[in-house]
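For reference, the chains in residue letters:
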Amino acid sequence: MFEPVLLKNVAMPDSHLLSTYEVGGGYQALAKALREYTPDEVVDLVKRSNLRGRGGAGFPTGMKWSFVPKQVDKPKYLCCNADEGEPGTFKDRIIMERDPHQLIEGLAVSAYAIGAKTAYVYIRGEYMTAIRRLEQAIAEAHEKGYLGSRILGSDFSFTVHIHCGAGAYICGEETAMLESLEGKRAQPRLKPPFPAVAGLYASPTVINNVETLACVPHIVVRGPDWFRDIGPDKSPGPKLYCVSGQVRKPGLYELPMGIPLRELVDHAGGPPPGRKIKAVIPGGVSAPVIPEHGLDVGMDFDSLAAAGSMLGSAGVIVIDDSTCMVKVATRIIEFFHHESCGKCTPCREGLNWVVKVLRRVEGGDGAPGDLEQLDMLCKGIFGNTFCALGDGAAMGLRAALKHFREEFVAHVEERRCPFH
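Residues numbered from 1 in each chain as written. Predicted model: local features only at pLDDT ≥ 70, side-chain atom pairs only at ≥ 80, totals over all residues. Heavy atoms only, no water.

1. Observations concerning the overall build of the protein chain
In step 1: A tally of helices and strands in the protein chain yields 17 helices and 9 strands.
In step 2: A compact globule built from 420 residues should have a C-alpha radius of gyration of about 22 Å, and the protein chain, at 22 Å, falls within 12% of that.
In step 3: Taking the principal axes of the C-alpha coordinates as reference, the protein chain spans close to 75 × 45 × 35 Å.
In step 4: A burial count over the protein chain gives 57% of its 420 residues as buried.
In step 5: Contacts in the protein chain between residues at least 24 apart in sequence constitute 70% of all its contacts with a sequence separation of at least 6.
In step 6: Taken as a whole, the protein chain presents about 17100 Å² of accessible surface, with 53% of it coming from carbon and sulfur. (Helix = DSSP H or I, 4+ residues; strand = E, 2+ residues; numbered from the N terminus. Rg over C-alpha atoms; globule rule 2.2 N^0.38 Å. Buried < 20%, exposed > 50% of the residue type's maximum accessible area, 1.4 Å probe, protein only. Contact = heavy atoms within 4.5 Å. Areas by Shrake-Rupley, 256 points an atom, 1.4 Å probe, with all protein chains shown as cover.)

2. Details of the packing of helix H3 (residues 39–49) against helix H6 (residues 100–114)
In step 1: With their axes 7 Å apart at the nearest point, H3 and H6 run at an angle of 115° to one another. Helix-helix and strand crossings are classified by hand; for H3 and H6 the assignment is left-handed. On H6, the residues touching Pro39, Val42 and Val43 of H3 are Val109, Tyr112 and Ala113. (Axes fitted to C-alpha atoms, helices over the stretch in contact; angles between N-to-C directions. Left-handed = near helix turned anticlockwise from the far one by under 90°.)

3. Remarks on the pairing of strand E5 (residues 238–245)
In step 1: Taking burial as the measure, the 8 residues of E5 include 7 buried ones, the bulk of the element.
In step 2: By the bridge criterion, 6 bridges tie E5 to strand E6 (residues 251–256) in an arrangement that is antiparallel. Bridging across to E6, Lys239 finds its partner in Leu255.
In step 3: Connecting E5 to the next strand, E6, in antiparallel fashion are 5 residues.
In step 4: Relative to strand E9 (residues 315–320), E5 runs parallel, the two being bridged by 4 bridges. Bridging across to E9, Val243 finds its partner in Val316. (Pairing = 2+ DSSP bridges.)

4. Describing the sheet that holds E9
In step 1: Spatially, 5 strands are ordered E6-E5-E9-E7-E8 in an open sheet, and the strand pairing comes out mixed. Because the sheet does not close on itself, it has two edges, and the strands there are E6 and strand E8 (290–291).
In step 2: One ladder, built from 2 bridges, connects strand E7 (residues 277–281) with E8; its direction is antiparallel. By the bridge assignment for E8, Val280 is matched with Ile290.
In step 3: The strands touched by helix H5 (residues 91–98) within the sheet are E5 and E6, with E5 carrying the most contacts at an inclination of about 115°.

5. A short note on the packing of aromatic side chains
In step 1: In total, this model carries 11 aromatic pairs according to the counting rule given.
In step 2: Between Phe156 and Phe158, the aromatic rings sit 5.8 Å apart at their centres with planes inclined by 15°, giving stacked as the arrangement. The same class applies to Phe156 as to Phe158, namely buried.
In step 3: Where Tyr169 meets Phe335, the ring centres are 4.9 Å apart and the plane angle is 75°; that geometry is what we call edge-to-face. Here the residue Tyr169 occupies a position in the loop between strand E3 (159–164) and helix H8 (174–181), and Phe335 occupies one in helix H13 (residues 325–339), the gap between them amounting to 166 residues.
In step 4: With relative accessibility at 21%, the residue Phe335 sits in the partly exposed group.
In step 5: Among the aromatic side chains, those forming a connected cluster through ring pairs are Tyr21, Tyr27 and Tyr146.
In step 6: Positioned above the aromatic ring of Phe386 is the side chain of Lys343, whose terminal nitrogen or guanidinium carbon lies 4.6 Å from the ring centre. (Phe/Tyr/Trp six-rings, centres within 6.5 Å; stacked < 30°, edge-to-face > 60°. Lys NZ or Arg CZ within 6 Å of the ring centre and 35° of its normal.)

6. Observations regarding unusual backbone geometry
In step 1: In this model, Lys191 is joined to Pro192 through a cis peptide bond whose omega is -5°.
In step 2: Mapped onto the elements of the fold, Pro192 is located in the loop between H8 and strand E4 (205–209).
In step 3: In the segment running from Pro192 into Pro193, the intervening peptide bond is cis, with an omega of 5°.
In step 4: Of note in this structure, Arg150 is not a glycine but carries a positive phi near 45°.
In step 5: Tracing the backbone through its elements, the reader meets Arg150 in the loop between helix H7 (128–144) and E3.

Purely geometric stuff here, so don't read any function into it on its own.
Below you can see the structure in the form of structure tokens.
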């Protein structure tokens, strides 16, 4: 039986309060890090744990921290990407609403490791409860000496600021988020230079996701070997999975990294009565769909990549056999088209044409050659954009065309939707 790690406090009464967090061992990791480890040793702990970023890319966290230059004249910054705009994803919201001190402690330990004195939490503006809870938690932490000057009697000083986003999905991309933090239009930057060298205000910056930062205190207290013993060696640790769509028990589940996707869907009760699973999107709508026969794949970065998809934000969306995949694909591409920042031509113009063709096909006005045109458009978008938004859209549509092409063909030939 797997014991929750990241969600162990969320069901407790007043779980968002400092007093509740301290009863469960809260801020022991910060005290231990300041008392027993140098910053470089904390970086080494996280490296040895093989913690990989939970925001989507899965980049090794300790390695990212090690890219920050040691001696610089500019201040170093830590940024927490809490925008969580990926459809089907709601894991970070639960941490911030129910256990905000877990995030704050993760921020403090991480800032100590990289030598930052200031952190910004870039949070989705619609998350009003999470924003209020974080503000309250920051005030509590300051009052108890877990934030501020000379924390717990050490030489380490650290403050956390909250910055509310305005609903732009593109701010999930780290450099677009930095542009927004600086008061500019949120558009991706050309890399290199990478944020670790020239990030916020052209200063060394580390950007991590909420769930990633929440793992850090547990690694410091329990050790990297404990973390590596959970799940596969290349992608270890506890993982939060958001399960929604056509299942009986949608919700947030904490299970080991690498759990088979089919087993995860079973944890959520399986499909509705009388229905069968047609496909599952494993990592938010950016991740290519996996048909039912492929559901035995492990829910980790490497296994899903080998299966032609990706873990992404672990927003698992279950699709049953009553659903039209042409409609699913159209709605997803409409979302990406709407959220494109417009900076690069393949994404801005390519998605516009994809939406037009898909709407025509879905509406029963498809023509011979439309599917080939969609294939061509995906080829023109993928790999040719500033950021991964266009890539995600193209990958998702490619997978739908590959696994469910007969549904697209039926729409064109019958000039109607076979499902409706």
